[in-house]
Amino acid sequence: MKLTQKVRNTMFWGVDFLKKREIWRNVNDIAKILQDYNSPQSRQRRQTLINDLLKHTSSSCDYYRRYQKFESLSDFPVVNKNIIRDNLTMFRSSTFLDQPVHEMFTSGSTGAPMVIYQDKGKRTRNTADTIYFASKANFKVGHKLYYMRLWNDHTKKSRILSRLQNMVMVNVKGLNDEYFN
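Remember, it's a predicted structure, so these values are computed and weren't measured experimentally.

Novice: What is the right way to look at the packing of aromatic side chains in this model?
Specialist: Aromatic rings considered in pairs are described by the distance between their centres and by the relative angle of their planes. Counted under the stated rule, the structure contains 10 aromatic pairs. Their ring planes at 80 degrees and their centres at 5.2 Å tell us that Tyr 63 and Tyr 64 sit as a pair that is edge-to-face. Aromatic side chains Tyr 64 and Phe 91 sit 5.6 Å apart centroid to centroid with 80 degrees between the ring planes, which places their arrangement in the edge-to-face category. Here Tyr 64, found in the loop between α3 (40–60) and α4 (81–86), pairs with Phe 91, found in helix α5 (residues 88–91); they are 27 residues apart in sequence, far enough to count as distant. As far as burial versus exposure is concerned, Tyr 64 and Phe 91 are alike and both buried. Pairwise contacts between aromatic rings join Tyr 63, Tyr 64, Tyr 67, Phe 70, Phe 76 and Phe 91 into one cluster. Sitting above the plane of the Tyr 63 ring, Arg 66 keeps its charged end 5.9 Å from the centroid. Sitting over the face of the ring of Tyr 117, Arg 92 holds its NZ or CZ atom 4.3 Å from the ring centroid.

Novice: It is not clear to me how a nonpolar patch on the surface should be interpreted in this structure. Could you clarify?
Specialist: Residues Leu 3, Val 7 and Met 11 make up a contiguous nonpolar surface patch of roughly 320 Å² in combined accessible area. Structurally, the position occupied by Met 11 is in helix α1 (residues 3–18).

Novice: Explain the packing of α1 against helix α2 (residues 22–35) to me, please; I cannot follow it from the model alone.
Specialist: Helix-helix packing is characterised by the crossing angle of the two axes and by the distance between the axes. Two elements in contact, α1 and α2, have axes whose closest approach is 6 Å; the angle formed by their N-to-C orientations is 100 degrees. For the element pair α1 / α2, the angle class is roughly perpendicular. Here α1 contributes Phe 12, Trp 13 and Asp 16 to the contact with α2, which in turn contributes Glu 22, Ile 23, Trp 24 and Val 27. Residues of the contact of α1 with α2, tallied by class, amount to 5 nonpolar, no polar and 2 charged.

Novice: Would you mind showing me how to read the pattern of salt bridges here?
Specialist: Tallied over the full model, the rule gives 4 salt bridges. Arg 45 is paired through a salt bridge with Asp 29; the nearest N and O atoms lie 3.0 Å apart. Linking Arg 45 in helix α3 with Asp 29 in helix α2, this pair joins segments that are 16 residues apart in sequence. Residue class for Asp 29 comes out buried when judged on its relative accessible area of 16%. Between Asp 62 and Arg 65 there is a salt bridge; the shortest N-O distance is 3.0 Å. Residue class for Asp 62 comes out partly exposed when judged on its relative accessible area of 45%. What emerges from the salt-bridge pattern is a single network uniting Asp 29, Arg 45 and Arg 125.

Novice: Help me understand α2 in this model?
Specialist: Because the α-helix completes a turn every 3.6 residues, residues three or four places apart line up on one side. Helix length check: α2 (14 residues) gives 20 Å between terminal C-alpha atoms against 20 Å at 1.5 Å per residue, within 8%. When α2 is considered as a whole, its buried residues turn out to be Ile 23, Asn 26, Val 27, Asp 29, Ile 30, Ala 31 and Ile 33. Where α2 is buried, its residues meet α1, α3 and α6 (120–135).

Novice: Explain the pairing of strand β4 (residues 167–171) to me, please; I cannot follow it from the model alone.
Specialist: Each regular strand shows side chains that alternate between the opposite faces of the sheet. Of the pairings in the sheet, the one linking strand β3 (residues 145–149) to β4 comprises 5 bridges and is parallel in character. In the sheet register, Met 148 faces β4, and the bridge partner there is Val 170. On the question of chirality, the crossover connecting β3 to the parallel β4 by way of helix α7 (residues 159–164) is right-handed.

Reading the values: rules and limits
Going along each chain's sequence as written, the residues are numbered from 1 onward. Only residues with pLDDT of 70 or above have their local features reported here, since the model is predicted, and side-chain atom pairs are shown and tallied only from 80 upward, although totals for entire chains, interfaces and linings are computed over all residues. Only heavy atoms go into the side-chain values, all of them from the structure, while hydrogens and water stay out. What counts as a ring pair is set by centres within 6.5 Å for rings of Phe, Tyr and Trp (its six-membered ring), and what kind of pair is set by the plane angle: stacked under 30 degrees, edge-to-face over 60, tilted for all other angles. Only DSSP runs of H or I reaching four residues or more are called helices, and only runs of E reaching two or more are called strands; each is numbered from the N terminus. Partly exposed residues are those whose accessible area sits between 20% and 50% of the maximum for their type, while under 20% is buried and over 50% is exposed, using a 1.4 Å probe and protein chains only. Criterion for a charge above a ring: Arg CZ or Lys NZ at most 6 Å from the ring centre, at most 35 degrees from the ring normal. To count toward a patch, a residue needs a relative accessible area over 30% and no salt bridge; like charges are then connected within 9 Å, while nonpolar side chains (Val, Leu, Ile, Met, Phe, Trp, Tyr) are connected within 5 Å. Only the protein chains shown count as cover for residues, and all accessible areas are computed by the Shrake-Rupley method using a 1.4 Å probe. By salt bridge we mean one thing: a side-chain nitrogen of Lys or Arg within 4 Å of a carboxyl oxygen of Asp or Glu. In this description, a line fitted to the C-alpha atoms serves as the axis of each element, helices being fitted only across the stretch in contact, and the angle between N-to-C directions of two axes falls anywhere from 0 to 180 degrees. Note that the term roughly parallel is reserved for angles under 35 degrees, roughly antiparallel for angles over 145, roughly perpendicular for angles of 65 to 115, and oblique for everything else. Residue contacts are counted whenever heavy atoms from the two residues lie within 4.5 Å of one another. Any residue that is not Ala, Val, Leu, Ile, Met, Phe, Trp, Tyr, Cys, Pro, Asp, Glu, Lys or Arg is counted as polar, Gly included; the first ten are nonpolar and the last four charged. Expected helix span is computed as 1.5 Å times (number of residues minus one). Here the rule is simple: two strands pair whenever DSSP picks up at least two bridges between them. Viewed with both strands pointing away, a crossover whose connecting path from the first strand over the helix to the second turns clockwise is right-handed.

Next comes the structure, spelled out in structure tokens:
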């Protein structure tokens with residue numbers, strides 16, 4: 001690892017340490033679940049997570065209130081981007097209406113861009129997911145990241161932030177064979 005990568009890595013985990021190791025704890029939780037996937041502990045943890053999510057959803061989101069007496073995930077309907085986008089307020093959790101949320105924009109690669117609201121816990125878990133799965137490809141926080149997506153006004157990071165994160169934003173719009181020659 002180069003010195004600048006090591007510095008970024010140390011700074012990232014140092015800040016996480018000051019924030020009570022929120023990301024680190026989530027990375028470890030994900031690892032415990034996935035590294036021994038069929039163990040009783042992993043099965044129980046996954047069941048607890050899904051049950052907690054379904055209870056929260058059916059009690060706090062208007063769209064799912066009719067499923068409060070659910071027995072399993074199969075009791076819930078399958079939804080797509082169009083259903084969510086057309087009923088966005090019904091999918092918002094009443095628990096987080098007065099709390100700060102982060103707007104996460106999908107790139108619209110399917111032709112249907114949309115915004116999703118994430119609370120602090122969801123953002124932390126999403127970061128932990130990314131770190132865990134990237135580590136499976138030997139990526140470590142601090143390494144240069146080539147992030148390929150449709151970058152637009154909603155998703156584009158500032159030059160300073162992308163440098164701090166050691167990220168190169170590769171816009172997939174217009175990518176073709178000539179781009180790589």
